[in-house]
Amino acid sequence: MGSFVAANTISMILVLASAVLSPGSSCVINCISKRSDDVSPLQAVVEQLSQQLVHLTAQVEANKNRIDDTQRAVGFTARKKLADVHGLRLYETIVFDDVVYNAGDGYDPETGFFTAPVAGSYVFFLQTMLHNLDEERLFLDITKNGSTLARAHVGYSNFENGSTMVTTHLVQGERIMVRITLGSQFWGEFYTTFAGFRISST
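Okay, so let's go over this structure. For clarity, every value in this text was computed on a predicted model and none was experimentally measured. (Residues numbered from 1 in each chain as written. Predicted model: local features only at pLDDT ≥ 70, side-chain atom pairs only at ≥ 80, totals over all residues. Heavy atoms only, no water.)

### Overview of the environment of Asp-141
Quick reminder of the rule: Only DSSP runs of H or I covering at least 4 residues are called helices, and only runs of E covering at least 2 are called strands; the numbering of each starts at the N terminus. Summary of the burial criterion: residues with accessible area below 20% of their type's maximum are buried, those above 50% are exposed, and those between are partly exposed, where the area comes from a 1.4 Å probe applied to protein chains only. The contact definition used throughout considers only heavy atoms, calling two residues in contact when any of these lie within 4.5 Å. The term polar contact refers here to a pair of N or O atoms within 3.5 Å; inside protein, the definition further demands a hydrogen-donor-capable atom paired with an acceptor-capable atom, and it admits residues adjacent in sequence only when both atoms are side-chain atoms.
Here Asp-141 shows up in strand E5 (residues 137–144). Here Asp-141 falls in the buried class, since its relative accessible area comes to 1%. Contacts of Asp-141, omitting those with residues within four sequence positions, involve Thr-148, Ala-150, Arg-151, Met-177, Val-178, Arg-179 and Thr-181. A polar side-chain atom of Asp-141 sits 3.1 Å from a polar atom in the side chain of Thr-148.

### A word on the nonpolar core
Our working rule: Here, nonpolar core means buried Ala, Val, Leu, Ile, Met, Phe, Trp, Tyr and Cys residues that are tied together by side-chain atoms lying within 4.5 Å of each other.
Counting 28 residues, the largest nonpolar core has Phe-114, Phe-124 and Phe-194 as the members making the most contacts within it. Looking at this core, the elements with two or more residues in it are strand E1 (75–85), strand E4 (120–130), E5, strand E6 (147–155), strand E7 (161–170), strand E8 (175–182) and strand E9 (186–200). Of the residues forming this core, the biggest block, 4 residues, is contributed by E4. In contact with Phe-194, not counting residues within four places along its chain, are Phe-76, Thr-77, Ala-78, Phe-96, Tyr-107, Phe-124, Phe-125, Leu-126, Ile-176 and Val-178.

### So, the sheet that holds E9
Put simply, the rule is: DSSP-based pairing: two strands are paired if at least 2 bridges between them are found. Every axis corresponds to a line fitted to the C-alpha atoms, with the helix fit spanning only the stretch in contact, and the corresponding angles, defined between N-to-C directions, vary from 0 to 180 degrees.
With antiparallel pairing, 5 strands are arranged side by side in an open sheet as E2-E1-E9-E4-E7. Two strands close off the open sheet at either side, each with one partner strand: strand E2 (98–103) and E7. This sheet shows a mean twist of 10 degrees between the axes of neighbouring strands, independent of strand direction. Both E4 and E9 contribute to a ladder of 9 bridges, which runs antiparallel.

### As for the sheet that holds E5
The strand order across the open sheet formed by 4 strands is E3-E8-E5-E6, and the pairing between neighbours is antiparallel. At either end of the open sheet lies a strand with only one pairing partner, and these are strand E3 (114–115) and E6. Where E5 meets E6, 8 bridges bridge the pair, whose relative direction is antiparallel. Of the residues in E6, the one forming a bridge with Leu-138 is Val-154.

Remember that the coordinates give geometry; whether it matters functionally is a separate question.
Rendered as structure tokens:
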């Protein structure tokens, strides 16, 4: 609504400025000249209209950017290329290097970080499969700026699946990643995936 009003105001200013400055505007100029021999009032009006036009144009552009951010799609799904993932260190960030989908380019397959391109409420999902009985349990944590938000826990049976999901608010630039907090191996490919998407701009 604000953009519509601002756009209409700009149009009115342009029409008025065109009428004042056009070659056919002798009537307007003559009328002003009859009241005063000083043309400075006319110049002041033109300058004021120009300043208002610049201000309103900036407002329209700012509103357009806010609308673009609100409607911007952000979401990703990524998985491990390797089937047999092992030798992981405690608290290591899991890098999901096979990107299936990455709207908004928030997920980085080089680092394993999802960095919020715009602020909003986000949902993140993680699933994994236990490698084998050499290790009894496996913890994979969804973390935000280094703090655990949710954990996928599997253990005590071979090929067991575990998953978790969390909803959180992110400001632009905040990071989400997956870290291993127990165990050192799991099955990759389709069996361990990381996904997330924005559900609202607030």
